[in-house]
Amino acid sequence: MLWMFGERASAVDAQAVFQVAAAPGTFGIYAHDFHVGNANRIKVTFNKEARRRFLDFAMSESACWRANFRDLNGAVIRMATLAPANRINVETVEEEIARLENAWRNSAPDENQELLTTILGAEKTAELDRFDSVQLAETIRICRSSRTLSEAGRRLFGVSRTHKKSPNDADRLRKYLSRFGLAWDDLQNTRTC
């Protein structure tokens, strides 16, 4: 298994510093100035607030870093390239954060959609509201990991069943599944665990 930033968030700061060849008291990288045919090396630095904002984001739960160091290196290079007056500011960092979040959001596979498409088919899955698809996908997962319809019902209706005079979890689950044209056996025939 590949190491991911999320497993050691403190490594992001060290890796970012390594990536950008920090000089004493600064956090910067060298970019090439190809303006008018020049290949001069230009020092690009973060201001203090921008560095803090970028590192806070980089180590947060919302930072996916799917491509690990490539994502991080690409982000730093983009910010350096777009930095006004060779100084990465908070505005540049915020724009890069928005770009990263958008890229990660658009490339994330929707596990619920994949599961439902496998069970219902693409056409029926496309007709589901987001609310129904999330709820149904979790119900299918619980059913697949349960030995019986009653066990799955107890797991799914664990709280609400205590407020009923005679809880019949299996019947409730059977009726819920039938709303989507499904039966217990349909889900057991597609078990993956």
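Phi angles above zero are rare outside glycine, and Ala85 is one such case at about 55°. The residue Ala85 is located in the loop between helix H3 (69–82) and strand E3 (87–88) in this model. Classification of Ala85 as exposed rests on a relative accessible area of 75%. Unlike most non-glycine residues, Asn86 shows phi in positive territory, near 60°. With respect to the helices and strands, the residue Asn86 is situated in the loop between H3 and E3. Relative accessible area serves as the criterion here: at 35%, Asn86 is assigned to the partly exposed category.

Attention shifts here to the packing of helix H5 (residues 111–120) against helix H7 (residues 130–144). H7 packs onto H5 with a crossing angle of 70° between their chain directions and a minimal axis gap of 9 Å. Between H5 and H7, the interaxial angle falls into the category roughly perpendicular. Classified by chirality, the crossing of H7 by H5 is left-handed. Of the residues in H7, those in contact with Glu111, Asn112, Gln113, Leu115, Leu116, Ile119 and Leu120 of H5 are Ser133, Val134, Leu136, Ala137, Ile140, Arg141 and Arg144. Class assignment for the residues of the contact of H5 with H7 results in 8 nonpolar, 3 polar and 3 charged.

To continue, consider the side chain of Thr92. Residue position: Thr92 is located in helix H4 (residues 90–107). On the basis of relative accessible area, Thr92 is assigned to the buried category, the value being 7%. Ignoring any residue separated from it by four or fewer positions in sequence, one finds Thr92 in contact with Met79, Leu82 and Pro84.

Bringing the packing of helix H8 (residues 149–156) against helix H9 (residues 169–178) into the picture now. Two quantities define a packed helix pair, namely the angle between the helix axes and the distance between the axes. Interaxial distance between H8 and H9 falls to 8 Å at its minimum, and their mutual angle equals 90°. On the basis of their axis angle, the class for H8 and H9 is roughly perpendicular. Counting all contacts with H8, which are made through Leu149, Ser150, Ala152, Gly153, Arg154 and Leu156, the residues of H9 involved are Asp169, Ala170, Leu173 and Arg174. When the residues that make up the contact of H8 with H9 are grouped by side-chain class, the tally is 5 nonpolar, 2 polar and 3 charged.

Criteria and thresholds
- Residues numbered from 1 in each chain as written.
- Predicted model: local features only at pLDDT ≥ 70, side-chain atom pairs only at ≥ 80, totals over all residues.
- Heavy atoms only, no water.
- Helix = DSSP H or I, 4+ residues; strand = E, 2+ residues; numbered from the N terminus.
- Buried < 20%, exposed > 50% of the residue type's maximum accessible area, 1.4 Å probe, protein only.
- Axes fitted to C-alpha atoms, helices over the stretch in contact; angles between N-to-C directions.
- Parallel < 35°, antiparallel > 145°, perpendicular 65-115°, else oblique.
- Left-handed = near helix turned anticlockwise from the far one by under 90°.
- Contact = heavy atoms within 4.5 Å.
- Nonpolar A, V, L, I, M, F, W, Y, C, P; charged D, E, K, R; others polar.

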